[in-house]
Amino acid sequence: MGTNGSTMLEPLWRELPPADPSAMSGSASRVLPSRFEAVKGARHFTGATLEQWGLPDLFDDVALVVSELVTNALRHALPPGPPETAVGGEHGEQDAAVRLHLMRGPSRLVCAVRDPSEESPVAGEADSCEESGRGLYLVDSFSDCWGWHPLAGPLRGKVVWALFRLPRA
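Residues numbered from 1 in each chain as written. Predicted model: local features only at pLDDT ≥ 70, side-chain atom pairs only at ≥ 80, totals over all residues. Heavy atoms only, no water.

## Re the overall build of the protein
Defined as follows: Segments assigned H or I by DSSP are reported as helices when at least four residues long, segments assigned E as strands when at least two residues long, and all are numbered from the N terminus. Burial classification: accessible surface area is computed with a 1.4 Å probe over protein chains only, and a residue below 20% of its type maximum counts as buried, one above 50% as exposed, and the rest as partly exposed. Here, two residues are considered to be in contact whenever any of their heavy atoms come within 4.5 Å of each other. Accessible areas in this description were obtained via Shrake-Rupley with a 1.4 Å probe; residue shielding takes into account the shown protein chains only.
Scanning the protein for helices and strands turns up 6 helices and 5 strands. Each helix (α) and strand (β) of the protein, taken in turn from the N terminus, gives the series α-α-β-α-α-α-β-β-α-β-β. Sorting the 169 residues of the protein into buried and exposed places 44% on the buried side. Excluding contacts between residues fewer than 6 apart, the proportion of contacts in the protein whose partners are at least 24 apart in sequence is 66%. A total of about 9200 Å² of accessible surface is found on the protein, and carbon and sulfur atoms cover 51% of it.

So this is what it looks like as structure tokens:
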């Protein structure tokens with residue numbers, strides 16, 4: 001992910017117990033197409049990354065949270081229009097509409113989803129018979145904490161993140 005990811009998440013680090021973003025022991029990033037099939041790809045990417053980091057036991061909770069964050073970005077943060085317009089052409093770093101970041105430190109795992117909207121995420125009030133509106137409730141329930149912050153500089157939009165504390169070895 002490089003320094004862009006560390007810079008992008010700097011506000012996140014200010015809200016957490018002290019940690020140096022450059023001390024993260026692992027990071028992975030994936031551009032996601034602006035189609036709902038991207039949620040399946042995000043789960044697969046998350047599973048492969050957690051396996052590589054020796055954290056396969058976290059897959060169920062982390063994949064559920066990643067699925068909800070990516071779904072919210074695709075559903076609520078992309079401008080109207082065909083997928084090619086929403087993403088801005090090729091899926092490069094600068095014009096990617098939605099990007100998933102996973103970062104592992106000694107005691108925590110952070111999942112972050114960048115999207116082009118500057119609107120804050122809003123938890124829904126779903127009736128028991130509704131099929132949607134519970135995503136952020138699930139994120140809150142399955143992660144240790146979550147939040148969001150707007151992006152500054154040339155990257156516009158926001159980052160919605162969820163933190164998982166890692167089990168002690």
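Having put the structure on the table, let's press on.
## Side note on the side chain of threonine 46
Selection criterion: Within 3.5 Å is the distance limit for a polar contact, defined as a pair of N or O atoms, with the added protein rule that one can donate a hydrogen and the other accept it, and that residues adjacent in sequence qualify only through two side-chain atoms.
If you trace the backbone, threonine 46 turns up in helix H3 (residues 38-52). For threonine 46, a relative accessible area of 0% corresponds to the buried category. For threonine 46, the side chain forms a polar contact with the main-chain oxygen of alanine 42, separated by 2.8 Å. Not counting chain neighbours up to four residues away, the residues in contact with threonine 46 comprise Val62, Ala63, Val66, Leu100 and Leu102.

## Focus on the pattern of salt bridges
Definition in use: Salt bridge, as applied in this entry: a Lys or Arg side-chain nitrogen positioned within 4 Å of an Asp or Glu carboxyl oxygen.
Tallied over the entire structure, the rule returns 3 salt bridges. A salt bridge links arginine 35 to glutamate 37; the nearest nitrogen and oxygen atoms lie 3.5 Å apart. Judged by relative accessible area, arginine 35 falls into the partly exposed class, the value being 43%. Between aspartate 115 and lysine 158 there is a salt bridge, and its shortest N-O distance comes to 3.0 Å.

## Let's talk about the packing of H3 against helix H4 (residues 59-77)
This is how the line gets drawn: Lines fitted to the C-alpha atoms define the axes, with helices restricted to the stretch that makes contact. Angles between their N-to-C directions range from 0 to 180 degrees. Take the far helix as the reference: if the near one is turned anticlockwise from it by less than a right angle, the crossing is left-handed, and if turned clockwise, right-handed. Basically, the charged four are Asp, Glu, Lys and Arg, the nonpolar ten are Ala, Val, Leu, Ile, Met, Phe, Trp, Tyr, Cys and Pro, and anything else, Gly included, counts as polar.
For the pair H3 and H4, the least separation of the axes is 9 Å and the interaxial angle reads 145°. Between H3 and H4 the crossing geometry is right-handed. Residues Ala38, Val39, Ala42, Arg43, Thr46, Gly47 and Leu50 of H3 lie in contact with H4, whose contacting residues are Phe59, Val62, Ala63, Val66, Ser67, Val70, Thr71 and Leu74. Within the contact of H3 with H4, the residues separate by chemical class into 10 nonpolar, 4 polar and 1 charged.

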